[in-house]
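Architecture at a glance
Here's the letter readout for the chains.
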Amino acid sequence: MADGKNNKEVTLAKLTSLSKRRGFVFQSSEIYGGLNGAWDYGPLGIALKNNIQKFWWKEMTQLHDNIVGLDAAILMHPRTWEASGHVEGFNDPMVDCKECNARFRADHIDLSAPCPNCGNKDSFTEPRDFNLMLSTNLGPVRNENSKVYLRPETAQGIFVNFKNVENTSRLKLPFGIAQVGKAFRNEVTTKSFIFRTCEFEQMEMQYFVKPGTDEEWFPYWKEKRMAYYDKLGINNKKLRFHEHGPDELAHYAKGAFDIEYEFPMGWQELEGIHSRTDFDLSRHAEFSGKKKDCTYRDPETNEVFIPYVIETSVGLTRTVLMCLSDAYEEEEIAEGDVRTVLHFHPAIAPLTVAVLPLVKKDGLAELAKEIELELREDFATFYDQSGAIGKRYRRQDEIGTPFCLTVDYDTKEDQTVTLRFRDSMEQVRVPISELSNRIRSEIKNYKREF
Ligand code: ATP
């Protein structure tokens, strides 16, 4: 449905404009001209982001055996980042155009071609390594000794808490630790709306396994993570795996697959699934001198070893962009009549139910308000009584509200309302007393047609 029926292309410009107009995402500190690589989430954006986070959290912790949560601090002891390899090796190669001063990631452009900004040829500087970590100073004296980093990934907070979690949760291998939080990178280029930003959020899970069994768990997590996107209602034709070749592998990785999504600007990484071996825990054992905190004793064999790790790492803010992009459709419903609709899975839609009195008068507004108050306990609701009913439906379609309830004159007689579905625009009559259960079951059984 989203693809074949019309060719009203999804572009970043359209998503950015809708996001601003309807309150999903605003440019950071816009009144001062904005700040590169930083964005603010408005009332609908924060609701969408929170819902995606909850969806991931439920999938990874509640629905999976032996995975528990953690929320580590953004600021960590600076030795952490020496051990992890980030101080030495977390670099991107950067080139500048000598003609127009535009800056690019050397691995993102063809260095033998003209500059993508000004069109000049042979105008690039030699590639220089550029460390991506942002730093600040802790305490009253600003010098090298007080320097701390804003974490460039959430994973290290998990590794340094491995023993704390194992001890307190009484978990046995294999087990996982999940975390959602902010990460910061001084990205060379921050184009493409919220795709690549300097401040972003990650949802990461480290799965600790017995060495040797990593070969089994790696494909397990690949499959599991791809299946999750199906549950999230994402078009599986727009998702694919990309295996890292030897030259792409990060310093810690034995194997790595990206899940890529076809964003409006092309196929791009959404999530990384990495076989990290015992690299991180070994390095923390070495750099901290606390070997015991980085090892595991098998309760059956008494064997002591450093666990291996399979990691799944996805950007939360990047997922917001994917969901917006995947959900967006300009649908021609009649000759010359196009509606903009966001086909979010109802579990992540910012609003679940809009309650609309057909007209304000004759007690319909009061009745509709009463129904809306009742539904608030269970769902994110919205009450709207202004404008023609068709217009009100369109306003909800554009922000992805899956269900609209219309209260009309019949409601007063027979205690039923019209339930209108966003995707199909179908309408059915439902007794007020059955609304909550009906909506709950519609959410549970939702399947988007593509
Ligand atoms: P890239 O090569 O695109 O810079 P990466 O391979 O360094 O990304 P990872 O370190 O594997 O990315 O991070 C895991 C996930 O975190 C990514 O798949 C992405 O979803 C998200 N992510 C990484 N950097 C950013 C960023 N600057 N802005 C938004 N999300 C990001």
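Up top is the structure these notes are about.
Residues numbered from 1 in each chain as written. Predicted model: local features only at pLDDT ≥ 70, side-chain atom pairs only at ≥ 80, totals over all residues. Heavy atoms only, no water.

In this section: the packing of aromatic side chains. The geometry of an aromatic ring pair comes down to the distance between the two centres and the angle between the two planes. This model, assessed by the stated rule, comprises 20 aromatic pairs. Residues Phe159 and Phe208 carry aromatic rings whose centres are separated by 6.2 Å and whose planes lie at 90° to one another, so their mutual orientation is edge-to-face. Residue Phe159 is located in helix H5 (residues 155-159), and its partner Phe208 is located in strand E10 (residues 199-209); the two are separated by 49 residues in the primary sequence. Under the relative-accessibility criterion, Phe159 is labelled buried at 1%. Between Phe218 and Phe257 the ring centres are 5.8 Å apart and the planes differ by 50°, which places this aromatic pair in the tilted class. You can see Phe218 sitting in helix H7 (residues 214-231) and its partner Phe257 sitting in strand E12 (residues 255-263), a full 39 residues away along the chain. On the basis of relative accessible area, Phe218 is assigned to the buried category, the value being 13%. Judged by its relative accessible area of 12%, Phe257 is buried. An aromatic cluster of at least three residues, connected via ring pairs, comprises Phe159, Phe162, Phe175 and Phe208. In this structure, Lys49 packs its charged tip against the face of Tyr41, placed 5.0 Å from the ring centre. The cationic tip of Arg420 hangs over the ring face of Tyr393; the distance from NZ or CZ to the ring centre is 4.4 Å. (Phe/Tyr/Trp six-rings, centres within 6.5 Å; stacked < 30°, edge-to-face > 60°. Helix = DSSP H or I, 4+ residues; strand = E, 2+ residues; numbered from the N terminus. Buried < 20%, exposed > 50% of the residue type's maximum accessible area, 1.4 Å probe, protein only. Lys NZ or Arg CZ within 6 Å of the ring centre and 35° of its normal.)

Bringing the packing of helix H1 (residues 12-22) against helix H9 (residues 316-327) into the picture now. Running from amino to carboxyl end, H1 crosses H9 at an angle of 105°, the nearest separation of the two axes being 11 Å. In terms of their interaxial angle, H1 and H9 are classed as roughly perpendicular. Facing Leu12, Leu15 and Ser19 of H1, the residues of H9 in contact are Leu321, Leu324 and Ser325. Of the residues assigned to the contact of H1 with H9, the class counts are four nonpolar, two polar and no charged. (Axes fitted to C-alpha atoms, helices over the stretch in contact; angles between N-to-C directions. Parallel < 35°, antiparallel > 145°, perpendicular 65-115°, else oblique. Contact = heavy atoms within 4.5 Å. Nonpolar A, V, L, I, M, F, W, Y, C, P; charged D, E, K, R; others polar.)

Bringing the pairing of strand E9 (residues 175-184) into the picture now. Each regular strand displays side chains that alternate between the two surfaces of the sheet. With nine of its 10 residues buried, E9 lies for the most part within the structure. The pairing of strand E3 (residues 67-69) with E9 spans three bridges and is classified as parallel. Bridge assignment links Val68 to a residue of E9, and that residue is Ile177. Note that E9 and E10 share 10 bridges and pair antiparallel. Across the sheet, the residue bridging to Gln179 is Glu204, located in E10. (Pairing = 2+ DSSP bridges.)

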